[in-house]
Amino acid sequence: MWIPVATPQDFVNGRLVVKVEGEKTPVLLLLVGEEVFAISDICTHDKNPLSDGPLEGHTIKCTRHGARFDIRTGKQTMPAPRPVKAYKAKLEGGKVWLEV
């Protein structure tokens, strides 16, 4: 099911954290050019928010211990033991939609 969660104007520097009903952790939305990506905003290594980490291409880095996550798939590098949840997201009709 697709739900509207934001508008492009809600983003600050291409980022926005939203709380989605039914999800345990906040969702980090990243606006990269004309594409939007969405992942859980919690590092699986130590629960640090990913929203303050640097974004290089399609990889975001946890500021605490350096684990990296692919914003397209959620795939991780060490020291994170598992990927973060990646959501399907899209821009349509002036809104950001998330598949939950």
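In this text, all values refer to a predicted model and were calculated from it rather than measured experimentally. (Residues numbered from 1 in each chain as written. Predicted model: local features only at pLDDT ≥ 70, side-chain atom pairs only at ≥ 80, totals over all residues. Heavy atoms only, no water.)

It is worth spelling out the overall build of the protein chain at this point. Secondary structure summary: the protein chain contains zero helices and 10 strands in total. The N-to-C order of helical and strand elements in the protein chain reads β-β-β-β-β-β-β-β-β-β. The C-alpha radius of gyration computed for the protein chain amounts to 13 Å, which stays within 12% of the reference 13 Å derived for 100 residues, consistent with globular compactness. For the protein chain, the spread of C-alpha atoms along the three principal axes comes to 40 × 30 × 20 Å. Counting every position in the protein chain, which comprises 100 residues, the buried fraction comes to 36%. Counting contacts in the protein chain only where the partners sit at least 6 residues apart, residues at least 24 apart contribute 42% of the total. Accessible area for the protein chain stands at about 5700 Å²; split by element, carbon and sulfur atoms hold 53% of it. Positive and negative side-chain charges in the protein chain, numbering 14 and 12 respectively, have mean positions lying 7 Å apart. (Helix = DSSP H or I, 4+ residues; strand = E, 2+ residues; numbered from the N terminus. Rg over C-alpha atoms; globule rule 2.2 N^0.38 Å. Buried < 20%, exposed > 50% of the residue type's maximum accessible area, 1.4 Å probe, protein only. Contact = heavy atoms within 4.5 Å. Areas by Shrake-Rupley, 256 points an atom, 1.4 Å probe, with all protein chains shown as cover. Lys, Arg positive; Asp, Glu negative; His and termini not counted. Charge placed at Lys NZ, Arg CZ, Asp CG, Glu CD.)

Further remarks concern unusual backbone geometry. The omega torsion of the bond from M78 to P79 falls at 15 degrees, within 30 degrees of zero and hence cis. Relative to the helices and strands, P79 resides in the loop between β7 (68–70) and β8 (86–87). Positive phi, close to 55 degrees, is recorded for N13, a residue that is not glycine. Relative to the assigned elements, N13 resides in the loop between β1 (2–6) and β2 (15–18). Looking at N13, the relative accessible area reads 75%, which means it is exposed.

On to the pattern of salt bridges, then. Applying the stated rule across the entire model yields five salt bridges. The residue E23 makes a salt bridge to K85 at a minimum N-O spacing of 3.1 Å. In this pair, E23 sits in the loop between β2 and β3 (27–32) while K85 sits in the loop between β7 and β8, placing the two residues 62 residues apart along the sequence. Judged by its relative accessible area of 16%, E23 falls in the buried class. Judged by relative accessible area, K85 falls into the partly exposed class, the value being 42%. Close ionic contact of R72 with D70 constitutes a salt bridge, the shortest N to O distance being 2.9 Å. Taking relative accessible area as the criterion, D70 reaches 15% and is therefore assigned buried. (Salt bridge = Lys/Arg side-chain N within 4 Å of Asp/Glu carboxyl O.)

It is worth spelling out the side chain of T44 at this point. Relative to the helices and strands, T44 resides in the loop between β4 (35–40) and β5 (55–56). Here R82 takes part through its backbone oxygen, which lies 2.5 Å from a polar atom of the side chain of T44. Contact partners of T44, with chain neighbours within four places excluded, come to F69, A80, P81, R82, P83 and V84. (Polar contact = N/O pair within 3.5 Å; in protein donor to acceptor, adjacent residues only side chain to side chain.)

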